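Commentary on secondary and tertiary structure
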Amino acid sequence: MSVRPSSALREKADALALLLSSGQSSTIAINALFEELGITNEQIADTALHGSVATGHIGIYKPEEVDGEIVYSRDVSRKARWTYFADIPVIPAKGTRKRVVLLGESVARGFLLDPGFTPAQVLGTLLNGNADKDEFEVIDLAETNLGMAGLKERYREALALEPDMVLFLAGNNWRDDLVNMILTDKTYLSRVKDALVVNQDISSARTILEELFSKLVGSFLEYVRTVGGPELPVIFAIPEFNLLDCRSTPGERFISRLPDNGIAGWIAARDQAELALKEQDAQRGIAEANRMIALDPSHPYGYELLADAHLLLQEYDKARVYLETARDTALFCRTNSKPRMFNITRQTILREAATHKIGVVDIPEVFSRHLNGRIPGKDLFLDYCHFTAEGIQVAMQAVADKVLALSGNKASGKVPAASIRPDQEVHAMAHLFAAIHNAHWGQQYGILYHHCVKALQYSKEIARTMIYYCDMMNRSASNNLCKTLEILVTGNTRLDRYVHALLHPRSGKTMEIDLVNAMVAALQTAGVNLNKYVDDLRNKEHGVAGQAVNLLETFYHATSYDEYQGTKAAFYQARDAQSVFFLVAAKDEPVFFDISLRVPGLQEEGKIRVLLNGVQVSEVAVSGKWTRHSLTVPADICTNGINTVTISWPVPEQLVAAEQRTTADEAILDAAFYVFGEIVTFTATSNTATHFELN
Amino acid sequence: MSLNIIGISAFYHDSACCILQDGVLKAAVQEERFSRKKNDPDLPKAAFNYCLKEAGITISDIDCIAYYEDPVKKLSRQLWSGSRFITADSIRNTDHAAVERQIREQFGYDGPVRFYEHHLSHAASSYYYSGYDHAAILTVDGVGEWATTTYGIGKGAKLELFEEVSFPDSLGLLYSTITSYLGFSVNSGEYKVMGLAPYGKPLYVDKIRQLIRNGEAGQYELNMEYFDFLKGEKMYSEALPALFGLAPRKKETAILPVHEDIAVSLQVVLEEVLIEKARYLHEKTGAENLCMAGGVALNCVANGKILKSSPFKQLFVQPAAGDAGCALGAAALAHADLSGEGMTSQLEHVYLGPSYGSAEIKKLLSATSLRYTQHKDDEELVKQVAQRLAEGKVIGWFHGRMEFGPRSLGARSILADPRGADMRDRINAMVKKREAFRPFAPAVLESATGEHFDIDHPSPFMLETCQVISSFDLPAITHVDGSARVQTVGEKTNPRFAALLKAFADLTGCPILLNTSFNVRDEPIVCNPEEALICFVTTDIDCLILEDFIIDNENNDTSILEMINQNLLERPSFELNPNVYTFI
Ligand SMILES: [Fe+2]
């Protein structure tokens with residue numbers, strides 16, 4: 001039963017509520033009131049729920065007794081998660097063969113090639129082809145999306161399979177575990193906050209993040225040894241990242257709130273560095289990129305440009321270091337960055353694995369040797385971290401060598417990894433989905449085109465799929481209702497595992513302009529001309545000729561599935577000095593805009609410039625308050641099809657330190673990253689009837 | 001320049017936003033309809049944007065944002081109640097100015113924000129929209145800040161609450177506690193208990209009376225021995241099952257006669273208390289009109305009895321009587337404060353959400369594989385639909401602006417012929433997948449109401465029950481006790497729906513349709529044409545009407561669309577703790 005607290009306490013509660021609401025949190029009066037109300041820090045002790053009931057499951061598999069032996073078969077009640085695992089209906093009872101259990105996330109699954117071609121298949125073939133006899137079995141327990149916590153659980157469960165060896169190919173999803181660790185521990189959180197927001201010291205923030213990450217990784221290694229017992233052979237294969245051909249996404253390039261005139265300096269250096277590289281001037285590129293890094297060590301783009309300059313000089317080792325550093329800026333959590341292996345994770349494993357008697361296969365090193373010191377890119381990777389067939393071959397060769405050595409076998413070299421290949425269709429689908437996946441995660445036209453062309457090279461049939469895909473992406477209807485998706489799903493059974501990739505986030509569809517253009521161009525090389533079809537469809541679905549188009553819908557500005565990780569506002573927020581919108585217009589038709597915008601915190605009047613296809617069409621006075629403007633773009637600047645509208649925001653000359661909120665921990669990111677401008681309505685039309693004129 | 005006021009309810013359950021322009025309610029919508037998270041409690045950002053767009057204004061045109069609750073008073077009550085989920089540090093680390101800060105940051109708004117107490121907002125949501133110039137006001141819910149029941153009076157533009165019952169004494173929490181004990185979810189299963197009641201015998205009235213003690217004036221008290229909600233974990237103590245001599249019903253297990261008996265006993269006691277308090281309120285105010293709001297006012301069975309058994313002559317219940325409706329109340333209070341005036345007229349309809357034009361729908365349909373027909377002539381359209389209804393088909397009906405509040409009233413509705421014996425089971429099996437014991441509600445042509453239902457006034461919001469007196473056998477919409485929860489449809493507020501009822505009557509003689517909300521179980525009611533299509537392809541609805549367009553299931557093979565939308569679509573969700581009232 002509940003005991004009714006005394007009504008005399010109501011006055012105290014009122015007083016305490018008033019004090020707390022006035023922004024105080026720890027005065028003597030407050031502490032006294034807490035005490036009188038009997039509110040301590042121990043009230044939730046008995047409400048914590050303890051772990052799930054042990055069912056003997058291993059992931060989606062449940063134990064079953066068959067002919068006196070325990071086998072593991074897929075549990076129908078966990079069917080929703082079947083596609084996260086390999087296509088293996090039953091794990092048999094252990095026989096006489098040496099059992100290697102493979103654990104890990106999507107890399108270990110062979111994402112985009114699976115089920116036609118997986119690391120486990122290649123490893124099994126290599127082990128048995130190169131041992132004296134058929135003496136190994138590889139159990140594929142890899143699971144898409146698995147983080148560190150899940151990996152521990154799966155490992156613990158998998159011990160029931162009596163493995164002779166456990167192989168981890170994992171670690172790409174561990175940033176989430178780090179974030180969890182920080183969010184659940186006040187002392188960690190306040191250290192990060194002090195460094196990043198209060199002291200605005202990005203380098204020390206990174207040191208703290210890396211220190212915590214290293215601690216987390218170390219605890220994992222210790223867990224593996226403790227739970228597995230002292231004798232269990234364990235190998236950890238450290239993944240690699242697509243350093244050369246996976247670059248920071250738009251969301252990862254949000255600009256930091258740099259003090260003083262840091263933002264202006266950083267942007268100037270960026271423009272100069274880009275220009276220098278365009279002109280192939282490596283030395284000037286290096287100087288300008290270094291200026292960017294000095295101003296903002298948390299931003300990936302300075303490192304990437306610096307790496308590009310060193311690549312011009314064929315200085316691969318230097319370029320590699322900077323590309324790794326660029327990749328690792330995802331630690332600052334600007335956006336929902338895709339999985340990756342951080343350098344600190346790799347270094348911790350390399351340093352501490354031996355202490356826990358864990359063998360290591362360092363795939364970054366393996367790839368580097370394979371490429372004679374060059375940097376891995378689209379040859380070994382389909383996207384940010386998932387291997388191509390060649391990547392799987394090379395990585396599994398190294399793993400097989402290690403497994404054989406640990407089990408006392410000598411590799412015979414009879415079956416080379418390169419001889420184990422997927423069929424053409426599997427290759428083709430992998431490249432098609434690589435193109436789609438890279439587009440969703442903000443990669444540039446060049447890489448998308450590469451994968452489209454590859455896909456067509458492997459299979460002419462893929463052209464049909466591309467045509468339907470282009471149709472679907474240009475529709476304003478959600479993909480899940482499009483006729484073309486139905487055709488894709490029924491027409492190609494190989495699609496089913498990746499059909500999720502054909503569905504966009506709710507209310508988050510984009511036109512995928514670069515990808516559609518890349519497909520159209522690739523199709524052209526195969527003799528298919530889709531240009532007119534795409535232009536007409538874009539016009540019909542998105543054209544401003546007959547309708548007022550809301551440019552704030554994701555169709556007209558988003559170029560990736562990036563999602564800012566801080567507070568989301570009800571309006572558009574520009575996190576770079578320029579905002580780009582896409583407009584489907586017609587040549588020689590004027591376009592009218594209705595826009596309401598502001599520059600938050602701007603004390604005096606400022607100006608924004610509005611450009612269409614790079615030509616300035618207007619300059620608009622803005623302030624810290626919302627103002628509404630009616631603009632007209634002259635007909636002669638508009639072109640048929642996609643036009644770009646650029647809003648160029650004022651760049652702050654002088655920034656004071658971010659305002660400190662005493663309690664809002666969730667606002668760390670908001671304080672760390674800068675907002676250049678905000679737009680609350682932005683519509684475009686060529687039709688005067690739907691245009692709103694300000695009087 | 002107009003006076004533009006935004007009303008907000010949020011951070012509890014079922015957040016909502018509305019806009020009043022010069023005292024006229026221009027738009028109102030619950031955030032769940034946009035976010036698709038059932039009972040979404042987050043700041044209603046999409047609803048806010050929609051309201052501005054509908055009123056044709058931008059943020060700088062807003063004169064005031066009115067918030068439906070006083071966060072300081074609410075905090076005080078939370079501190080007092082000693083929930084296990086509160087610790088000194090968790091309280092210290094909470095930003096207690098968060099409500100205002102979030103409104104400013106996330107809406108980008110820097111004008112005035114006014115806070116109105118929760119029950120004052122409930123009261124205003126009823127009185128100011130009632131069209132009465134003078135009325136007594138009764139609000140009853142689980143809890144707001146401290147108040148759980150209030151008594152007030154409205155006169156012209158002035159509204160005053162003169163007495164309140166304080167937490168933890170609460171009729172709403174009593175109802176929720178029994179709801180939980182009977183194996184339904186708190187905050188959403190209460191109306192199931194109401195639906196269960198007519199099946200039972202009031203054998204437990206004495207036991208229920210032990211849970212609540214009547215007091216002086218407007219007061220009453222809960223016997224806390226039987227309750228446990230102060231700790232914030234569950235609703236009832238061990239003493240409650242002991243009192244009934246019956247273990248709590250587990251969710252999704254069989255409903256026994258004893259559960260029905262307890263449900264009706266609760267209903268009886270609730271009505272007793274409400275009638276007595278209504279009499280008291282009449283005595284105090286002398287008003288002829290009664291206005292009600294608060295979650296308990298959604299108990300339409302009780303409402304009818306209150307009107308019948310108290311001296312009040314007329315009753316107005318805010319159709320969104322739950323917390324979403326508080327947004328309307330807060331906005332009306334701000335309007336009265338700023339303009340010195342009340343509202344201009346009675347709330348005549350709740351078609352306050354978004355609508356979608358034919359061009360847009362045609363573009364959508366042409367991207368799909370679906371075969372459809374378009375009927376630009378209204379008369380032809382309703383004839384076609386009536387024909388299908390008469391053939392026993394189940395129709396998804398999407399027309400005009402979406403309803404505000406918990407009920408579908410002919411804008412986003414599933415419609416069917418109420419005469420068939422098996423219609424209730426069919427609809428339950430094909431789309432609603434809900435408890436078979438609850439009948440559906442009827443919509444009836446206003447002019448024909450008296451022939452079929454024992455009610456002498458319009459009931460446009462489905463907030464009252466009355467006896468079915470029709471010569472038709474209407475099993476799908478008639479409760480076991482012969483009652484129905486009726487919606488009367490007038491030509492003025494929803495001409496196309498009225499025309500459909502008329503066309504159906506022309507064909508069959510019956511001016512009544514079964515009307516239930518257009519959604520699948522546990523999801524919000526559909527808002528836009530895409531959601532209607534998804535609902536159509538993933539259920540066995542026979543025919544979908546999207547404005548002027550008719551899409552027949554029999555002309556389409558929707559199996560692939562069904563597979564895609566059933567299995568692959570991400571469904572956002574927000575789950576309330578089903579075991580306890582959300583206090584924090
Ligand atoms: Fe309420």
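Remember, predicted model here, so these are calculated numbers, not experimental data. (Residues numbered from 1 in each chain as written. Chains lettered and ligands numbered in written order. Predicted model: local features only at pLDDT ≥ 70, side-chain atom pairs only at ≥ 80, totals over all residues. Heavy atoms only, no water.)

**Digging into the overall build of chain A**
Rules: Secondary structure follows DSSP: runs of H or I at least 4 residues long count as helices, runs of E at least 2 residues long count as strands, and numbering of each begins at the N terminus. Two things to know: the radius of gyration comes from C-alpha atoms, and the globule rule equals 2.2 Å times the number of residues to the power 0.38. Classification of residues uses two cut-offs on accessible area relative to the type maximum, computed with a 1.4 Å probe and protein chains only: under 20% is buried, over 50% is exposed, and between them is partly exposed. By definition in these notes, contact holds between two residues if any of their heavy atoms fall within 4.5 Å.
Broken down by element type, chain A carries 22 helices and 17 strands. Its C-alpha atoms give chain A a radius of gyration of 28 Å, near enough to 26 Å, the size a compact globule of 695 residues would have. Projected onto the principal axes, the alpha-carbon positions of chain A cover approximately 85 × 85 × 55 Å. The burial tally for chain A puts 56% of its 695 residues in the buried class. Considering only contacts in chain A between residues 6 or more positions apart, those separated by 24 or more positions represent 75%.

**Regarding the coordination of the iron ion**
Residues and elements named next belong to chain B. Rules: Because water is not among the atoms used, a metal site may look incomplete, as its donors are only the N, O and S atoms within 2.8 Å, or 3.2 Å for Na, K and Ca. Sites are called tetrahedral only when four donors show all angles between 85 and 135 degrees, square planar or octahedral only when four or six donors show opposite pairs over 155 degrees and all other angles between 65 and 115, and irregular in any remaining case.
The protein atoms donating to the iron ion are His118 (NE2), His122 (NE2), Asp141 (OD) and Asp323 (OD), with metal-donor distances spanning 2.1 to 2.3 Å. Considering all four donor atoms around the iron ion, the spread of angles at the metal, 89 to 170°, places the coordination shape in the irregular class. When the donors of the iron ion are listed by position in the chain, the intervening gaps give H-x3-H-x18-D-x181-D. With His118 in helix 6 (residues 118-127) and Asp141 in the loop between strand 6 (134-140) and strand 7 (147-155), this residue pair connects regions lying 23 residues apart in the sequence. Comparing His118 with Asp141, the two get one shared label, buried.

**What about the side chain of A:Thr335?**
Residue and element names in this part refer to chain A. Short version of the rule: Throughout this description, a polar contact denotes any pair of N or O atoms lying within 3.5 Å of each other; where both atoms belong to protein, one of them has to be capable of donating a hydrogen while the other can accept it, and for residues adjacent in sequence the pair is counted only when both atoms sit in side chains.
Looking at the element boundaries, Thr335 is found in the loop between helix 12 (316-328) and helix 13 (343-352). Accessibility expressed as a relative area gives 1% for Thr335, which makes it buried. One polar contact links Thr335 to Asn336, side chain to side chain, over a distance of 2.8 Å. Once you skip the residues sitting within four places of it in the chain, Thr335 turns out to touch Arg175, Thr249, Gly251, Glu252, Asp562, Glu563, Tyr564 and Gln565.

**Re helix 16 (residues 424-440) of chain A**
Residue and element names in this part refer to chain A. The following threshold applies: Multiplying 1.5 Å by the helix residue count minus one yields the expected span of that helix.
When the terminal C-alpha atoms of helix 16 are compared, their 24 Å separation across 17 residues agrees well with the 24 Å that a helix rising 1.5 Å per residue should span. Its side-chain oxygen at 3.2 Å from the backbone nitrogen of Glu425, Asp423 defines the N-terminal cap of helix 16. Gly442 lies just past helix 16 and shows a positive phi near 75°.

**Quick word on the domain arrangement of chain A**
Residue and element names in this part refer to chain A. Here is the rule: Each domain's extent is set by a domain assignment, obtained either automatically or from a database. Note on terms: buried area is the combined drop in 1.4 Å-probe accessible area of two parts once they are placed together, counting the loss on both. Counted as salt bridges are all cases of a side-chain nitrogen of Lys or Arg within 4 Å of a carboxyl oxygen of Asp or Glu.
Split into domains, chain A comes out as domain 1 (7-55), domain 2 (61-74 + 83-174 + 230-242 + 338-419), domain 3 (251-332), domain 4 (424-540) and domain 5 (554-694). The straight-line distance from the C-alpha centre of domain 2 to that of domain 3 is 35 Å. Contact with domain 2, which involves 14 residues of that partner, is made by 12 residues of domain 3. Taken together, the two surfaces of domain 2 and domain 3 that pack against each other cover about 1,000 Å², and 54% of this comes from carbon and sulfur. In terms of surface lost to domain 3, no three residues of domain 2 exceed Arg340, Phe342 and Ile375, which account for 48% of the buried area on that side. For the pair domain 2 and domain 3, the interface holds three salt bridges. The partner of Arg327 in a salt bridge is Glu240, and the shortest N-O contact between them spans 3.9 Å. Viewed at the interface, domain 3 and domain 2 are joined by six residue pairs in polar contact (both at pLDDT 80 or more). Counting residues per element, the side of domain 2 that touches domain 3 draws most heavily on helix 13, at three residues.

**Digging into the packing of aromatic side chains**
As a reminder, the rule being used: Ring pairs shown here join Phe, Tyr and Trp side chains whose ring centres sit within 6.5 Å, with only the six-membered ring taken for Trp; geometry is labelled stacked below 30 degrees between planes, edge-to-face above 60, and tilted in between. Only lysine NZ and arginine CZ atoms are considered, and such an atom sits over a ring when it is within 6 Å of the ring centre and within 35 degrees of the ring normal.
Tallied over the entire structure, the rule returns 38 aromatic pairs over all chains. Here the aromatic rings of B:Phe48 and B:Phe107 are separated by 3.9 Å at their centres, their planes lie at 5°, and the arrangement is stacked. A residue pair is termed long-range when its members are at least 10 positions apart, and B:Phe48 in helix 2 (residues 45-55) and B:Phe107 in helix 5 (residues 98-107) qualify at 59 residues. For the pair shown, B:Phe48 and B:Phe107 are each scored as buried. Within the aromatic cluster, the residues linked to one another by ring pairs are A:Tyr155, A:Phe168, A:Trp174, A:Phe220 and A:Phe236. Across the ring face of A:Phe254, the terminal group of A:Arg575 is positioned such that the distance to the ring centre comes to 5.8 Å. A:Arg575 extends its terminal NZ or CZ atom over the ring of A:Tyr564, reaching a point 3.7 Å from the ring centre.

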